[in-house]
Amino acid sequence: MLLLLICVSIAAFFLVSLSPVDPLQANVGQTALGSMSQEQIAKLNAYWGVGQPPVERFLAWASDFFRGDMGISLLYRRPVAEVIAVKFANSIWLLAIAWVISGVMGFCLGALAGMKQGTWVDKIIKGYSLVIASTPAFWLALVLLMVFAVWLKVLPVGLSVPIGMEAAGVTLADRIRHAILPALTLSITGVSNITLHTREKMIDIMESDYVLFARARGENGWSIFKNHSFRNVILPALTLQFASISEIFGGSVLVEEIFSYPGLGQAAVTAGIGSDVPLLLGITVISAAIVFGGNLTANILYGIVDPRIRKGGAGL
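Keep in mind the model is a prediction, meaning the values are calculated, not measured. (Residues numbered from 1 in each chain as written. Predicted model: local features only at pLDDT ≥ 70, side-chain atom pairs only at ≥ 80, totals over all residues. Heavy atoms only, no water.)

### Overview of helix H14 (residues 264-273)
Judged by how many residues are buried, H14 sits mostly within the fold: 7 of 10 residues are covered. When we look at burial in H14, the residues that qualify are Leu264, Gly265, Gln266, Ala267, Ala268, Val269 and Ala271. (Buried < 20%, exposed > 50% of the residue type's maximum accessible area, 1.4 Å probe, protein only. Helix = DSSP H or I, 4+ residues; strand = E, 2+ residues; numbered from the N terminus.)

See below:
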């Protein structure tokens, strides 16, 4: 995980370094830059590392970053760590709700479709999953926004809290109401992969010899699922669920932008458009750490659920 974070940091830093953005114009502005003396410009060049070898600039940035100093955001005029903490607090519970709902729904629908293979239930679930898998998250967000916020007027158009209300007056109900549409969008788009994968695994299990033997003994329906299918089908679904954290994060970037939800995804778009390099790099590394942490958690939980993996690893 540490090696992956180092690779992501190197790739992100050097990709940003290759961009045509002038650090002085992005930080100071063309008008202010034109009124400065050559000595002032030279000091700014030295401060931003203009003319230094990229490796030296990366090592200086990385050493500060891993000490907790991510730099100063050019747009928010605050330390990057503070900006990320505020934006992440807005995003984390939205992403957590969408992640849990999509995982539970995907597993239940996939298991049901696999057990009802070939029936109208299976065809509806499979068709729904294939359609959703081909549907862009931003398009679905626009449709939900138009229906529930514009036509029906039952949910807010955007933001995370009501407009014009002081922070002290914002209630939990207000935050939940503003998060319904973004969370619903991410939940719907995150269901398809888990559903289809769980369905295929369930079909294999239902056609296995031990399930056929269980049927011969008079077991059916819930009994077969509880005694023979659940532990076998939960393992791949669990791994896929934690691996889907990257998809949830990727979808949240456009979804938060559409709903004007002030989270980490919208901050990343704002930083990219506004050439806020310190904030963009900080969000990139922190997001990568969260995604890699999800994959690591999946591997650990896989061993907890299936003791055979732990024994196999110990034997090696």
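Now that the structure has been shown, the text picks up again.
### A look at helix H10 (residues 191-206)
Taking 1.5 Å per residue, 16 residues should reach 22 Å; H10 reaches 22 Å between its end C-alpha atoms and fits that length. Residues of H10 that are buried include every one of Val191, Ser192, Ile194, Thr195, Thr198, Arg199, Met202, Ile203, Ile205 and Met206, and no others. On an axial view of H10, the arc spanned by its buried residues comes to 160°, and they lie on one face. Of the surrounding secondary structure, the elements contacted by the buried residues of H10 are helix H6 (80-115), helix H7 (120-133), helix H9 (172-189), helix H11 (209-216) and helix H12 (222-243). (Expected span 1.5 Å × (residues − 1). Arc of directions from axis to C-beta. Contact = heavy atoms within 4.5 Å.)

### Some words on the nonpolar core
Ranked by internal contacts, the top residues of the largest apolar core, which has 44 residues, are Trp61, Ile84, Leu181, Leu279 and Ile283. The element contributing the most residues to this core is helix H15 (residues 277-305), with 8 residues. Once residues within four sequence positions are removed from consideration, Leu181 is found in contact with Leu144, Leu145, Phe148, Ala149, Leu155, Pro156 and Phe259. Among the nonpolar cores identified, the runner-up in size contains 10 residues, and Phe107, Ile205, Val211 and Ile224 belong to it. (Core = buried A, V, L, I, M, F, W, Y, C linked by side-chain atoms within 4.5 Å.)

### Focus: the pattern of salt bridges
Per the counting criterion, the structure on display carries 4 salt bridges. Residue Arg67 pairs with Asp64 through a salt bridge whose shortest N-O separation is 2.4 Å. In this structure Arg67 comes out as exposed when scored by relative accessible area, which is 63%. For Asp122, the salt bridge is made with Arg199, and the minimal N-O distance between the two is 2.6 Å. Within this pair, whereas Asp122 is found in helix H7, its partner Arg199 is found in helix H10, the two being separated by 77 residues in sequence. A relative accessible area of 3% places Asp122 in the buried class. The class for Arg199 is buried, based on a relative accessible area of 7%. One connected set of salt bridges, linked through shared partners, spans Asp122, Arg199 and Glu200. (Salt bridge = Lys/Arg side-chain N within 4 Å of Asp/Glu carboxyl O.)

### Here's the deal with a nonpolar patch on the surface
A surface patch of nonpolar side chains, about 510 Å² in accessible area, is lined by Met146, Val150, Trp151, Leu152 and Val154. Within the secondary structure layout, Val154 lies in the loop between helix H8 (137-151) and H9. (Patch = residues over 30% accessible without salt bridge, like charges linked within 9 Å, V, L, I, M, F, W, Y side chains within 5 Å. Areas by Shrake-Rupley, 256 points an atom, 1.4 Å probe, with all protein chains shown as cover.)

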